[in-house]
Amino acid sequence: MTRPTLRRTPMLERLETRQVLSGISGLTADKQYVLEMINLVRTNPKAAADRITAHISPDVQATLDQYKLSVGGLKEKLGAATALPPVAYNAALDSVAQGQSQYEANNGVQTHQGPGEGGLGDRFAAAGYSNPLTEGENTYAYAQSADQAMQSFLFDWGVADGGHYRNLLQPGTAPQDAFQEVGIGLVNTTKGVGPLVLTQDFGSRQGLGPQILGVAYDDANHDGFYNVGEGKGGLTIDAINLSTKVKFETQTGDSGGYQMPVDANADYQVIAIKDGQVVQNQTIHVGNVNEKVDFILDPAKAANLSNAPAIAFNIVTQPGNSSTATTPPPVVVPPPAATPPPVATPPPVATPPPVATPPPVATPPPAATPPPAATPPPVATPPPVATDNSTTASDSNGNSDNSTNSPDNSSRSDASTQAAAANASDAKPGWLAKWSRWKAINGAGV
């Protein structure tokens with residue numbers, strides 16, 4: 001008797017794809033550009049040196065001259081720098097950075113802690129970025145552009161210890177101990193600072209695993225680098241673990257950026273899909289730090305164009321990955337903006353010549369003092385006219401004569417006397433004539 005054979009119908013396990021939020025849906029194109037600049041500096045310092053020093057404005061050159069810095073010196077320094085893992089965007093750090101830039105713009109200052117502000121650790125905690133292993137902040141309140149802000153951080157003019165440069169490149173720091181995440185704050189203003197205030201807040205956390213991150217863009221100007229306006233949003237990005245067949249999936253944000261946590265120590269095929277069609281894929285190895293994969297949608301520069309392989313997918317898990325704490329770099333007070341040339345001191349206002357003193361008004365000569373009126377000669381006092389009215393007359397015998405005499409009316413006369421008087425009157429002035437006449441009448445000695 002033949003025993004029946006039991007045939008089992010195979011049960012196909014339904015595989016599930018775990019979609020991971022990109023975490024950067026709110027990242028603007030301007031912030032995406034700054035993120036790309038930061039990660040270029042960290043992952044390829046030499047290429048960053050060439051790009052960042054390609055356009056040095058006269059103001060920046062004057063500042064470099066003032067601080068005795070040179071483009072050649074920075075290129076040499078970056079050329080010898082050790083590459084580090086890229087940093088992923090973090091929304092909590094972004095809110096810290098944005099708040100700091102806004103504080104500086106509102107108050108017209110450049111600072112890491114102004115009046116009423118908490119310290120960097122306090123601001124991180126308040127934003128929900130708790131217990132960071134490392135933290136750091138760069139801020140520049142006088143930038144003309146994001147490129148100029150990056151120049152200020154890398155040349156680090158006016159900062160003796162090069163703290164901004166150290167936050168970006170972390171010299172001597174092992175990759176597993178380096179910053180893992182960043183937030184970016186951008187504010188335009190003209191209130192005493194600006195026109196652009198740019199802040200970068202860096203951090204790393206215990207148990208944070210690696211992420212695959214990057215940007216998809218249409219390289220419109222063919223420079224091989226992301227620029228504002230080139231990002232391609234809405235693309236599906238798959239990262240397939242080639243060992244476990246686990247697929248991690250996310251989408252690019254409006255600015256073209258994406259990121260997703262993945263398992264450590266595995267090889268991945270990273271695929272960009274647009275409208276259901278694979279446009280690019282790349283194979284990379286992920287250790288225990290972040291890795292960057294960009295997708296340039298310019299066919300002339302696209303590489304590794306192929307169809308995605310048929311792979312079975314499993315549910316995604318997100319294992320933790322611890323790292324050793326390191327001493328956080330000091331928070332660096334950024335230098336002031338390029339020192340403007342001194343304002344030319346205007347020449348002193350010419351002192352006008354003194355007003356000519358008018359000649360003194362001629363003092364008229366004093367009025368001539370009229371000569372004193374001629375004093376008329378004193379009127380000659382005539383001799384007293386003899387009068388005929390003597391009260392008493394006496395002769396030699398002492399007899400009184402009681403006759404009365406009038407000056408010009410004698411009571412007695414004779415011819416000889418009258419003749420003499422007439423002659424006297426003819427020969428002498430009036431009074432003298434009178435006197436002579438009197439004398440003639442009265443006789444000498446009277």
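Keep in mind the model is a prediction, meaning the values are calculated, not measured.

Trainee: Even after reading the chapter, I still don't get helix H2 (residues 45–52), so can you show me in this structure?
Mentor: Residues that lie three or four places apart on an α-helix share one face, since the helix turns once every 3.6 residues. Of the residues making up H2, those classed as buried are Pro45, Ala48, Ala49 and Ile52. Viewed end-on, H2 has its buried residues packed into an arc of 105°, placing them on one side of the element. Along its buried surface, H2 packs onto helix H1 (29–43), helix H4 (71–79), helix H7 (146–155) and helix H8 (163–169).

Trainee: Which parts of the structure should I look at to understand the sheet that holds strand E5 (residues 196–205)?
Mentor: In sheet architecture, strand pairing relies on hydrogen bonds along the backbone and comes in two forms, parallel and antiparallel. Across the sheet, which stays open at both edges, the four strands sit in the order E2-E4-E5-E3 with mixed pairing between neighbours. The outermost strands of the open sheet, each flanked by one partner alone, are strand E2 (88–89) and strand E3 (132–143). The pairing of E3 with E5 spans nine bridges and is antiparallel. The partner of Glu137 across the bridge, within E5, is Asp201. In the packing of H1 onto the sheet, contacts are made with E2, strand E4 (181–188) and E5, and the angle to E4 comes to roughly 130°. Of the strands in this sheet, E2, E3, E4 and E5 are in contact with helix H5 (residues 91–107), which crosses E4 at around 30°.

Trainee: Which parts of the structure should I look at to understand the packing of H2 against H4?
Mentor: Where H2 meets H4, the axes come as close as 7 Å, and the angle between the chain directions of the two elements is 160°. Here H4 runs roughly antiparallel to H2, going by the angle between their axes. You can see that H2 and H4 cross each other, and the crossing is right-handed. Residues Pro45, Lys46, Ala49 and Asp50 of H2 form the contact with H4, whose participating residues are Lys75, Leu78 and Gly79.

Trainee: Would you take a moment to explain the side chain of Asn138 for this structure?
Mentor: Mapped onto the elements of the fold, Asn138 is located in strand E3. Overall, the relative accessible area of 0% leaves Asn138 in the buried class. One polar contact links the side chain of Asn138 to the main-chain carbonyl oxygen of His164, over a distance of 3.3 Å. Within polar-contact distance, the side chain of Asn138 engages the side chain of Asn167 at 2.9 Å. In contact with Asn138, not counting residues within four places along its chain, are Phe153, Gly163, His164, Asn167, Leu168, Leu198, Thr199, Gln200 and Phe202.

Trainee: Before we go on, may I ask you to explain the pairing of E4 in this structure?
Mentor: Within a regular beta strand, the side chains point alternately toward one face of the sheet and then the other, so they alternate between its two faces. Of all eight residues in E4, seven are buried, a share of seventy percent or more. Looking at chain direction, E2 and E4 are connected through two bridges and run parallel. Paired with Tyr89 across the bridge in E4 is Val182.

Trainee: Help me out: how do you make sense of the pattern of salt bridges in this one?
Mentor: Oppositely charged side chains can pair when the atoms bearing their charge come close. Overall, the coordinates contain ten salt bridges when judged by the stated rule. Notably, a salt bridge pairs Glu181 with Arg205, separated by 2.8 Å at the nearest N-O pair. With Glu181 in strand E4 and Arg205 in strand E5, this residue pair connects regions lying 24 residues apart in the sequence. Using a relative accessible area of 2% as the deciding quantity, one classes Glu181 as buried. Connected via shared salt-bridge partners are Glu36, Lys292 and Asp294.

Trainee: Where do I start with the pairing of strand E10 (residues 266–274) in this structure?
Mentor: By the criterion of burial, E10 is predominantly enclosed, with seven of the nine residues buried. Two elements, strand E7 (residues 236–241) and E10, share six bridges in a ladder whose sense is antiparallel. Opposite Thr236, over in E10, you have Ile273 as the bridge partner. Relative to strand E11 (residues 277–286), E10 is paired through nine bridges, and the arrangement is antiparallel. Bridging across to E11, Val270 finds its partner in Gln282. Counting the residues that bridge the hairpin from E10 to E11 gives two residues, and of these Asp275 lies at a positive phi of roughly 55°.

Trainee: Where do I start with empty space enclosed by the protein in this structure?
Mentor: Empty space among the atoms can be located by rolling a probe the size of a water molecule over them. Evaluated as defined, the whole model comprises one cavity of 30 Å³ or more. Computed from the structure, the largest cavity encloses a volume of approximately 40 Å³. Those elements that place two or more of their residues in the lining of the largest cavity are H1, strand E6 (211–217) and strand E9 (257–261). The element best represented in the lining of the largest cavity is H1, accounting for four residues. Taken together, the residues that form the lining of the largest cavity break down as four nonpolar, four polar and two charged.

Trainee: Whenever I open this one, H7 confuses me. Can you help?
Mentor: Burial of H7 is extensive: nine of the ten residues sit out of reach of the surface. For H7, the set of buried residues is Ala146, Gln148, Ala149, Met150, Gln151, Ser152, Phe153, Leu154 and Phe155. A positive phi of about 55° marks Asp156, the residue just after H7.

Trainee: Honestly, the environment of Leu120 in this entry has me stumped. Any pointers?
Mentor: Tracing the sequence through the fold places Leu120 in helix H6 (residues 120–126). Sequence separation between Leu120 and Gln100 is 20 residues; the distance between their C-alpha atoms is 9.8 Å.

So, how was this worked out
- Residues numbered from 1 in each chain as written.
- Predicted model: local features only at pLDDT ≥ 70, side-chain atom pairs only at ≥ 80, totals over all residues.
- Heavy atoms only, no water.
- Buried < 20%, exposed > 50% of the residue type's maximum accessible area, 1.4 Å probe, protein only.
- Helix = DSSP H or I, 4+ residues; strand = E, 2+ residues; numbered from the N terminus.
- Arc of directions from axis to C-beta.
- Contact = heavy atoms within 4.5 Å.
- Pairing = 2+ DSSP bridges.
- Axes fitted to C-alpha atoms, helices over the stretch in contact; angles between N-to-C directions.
- Parallel < 35°, antiparallel > 145°, perpendicular 65-115°, else oblique.
- Left-handed = near helix turned anticlockwise from the far one by under 90°.
- Polar contact = N/O pair within 3.5 Å; in protein donor to acceptor, adjacent residues only side chain to side chain.
- Salt bridge = Lys/Arg side-chain N within 4 Å of Asp/Glu carboxyl O.
- 1 Å grid on protein atoms, 1.4 Å probe; cavity = no way out; pocket = protein on both sides within 12 Å on 5 of 7 lines; lining within 4 Å.
- Points joined across faces, edges and corners; volume = space filled by probe spheres on them.
- Nonpolar A, V, L, I, M, F, W, Y, C, P; charged D, E, K, R; others polar.

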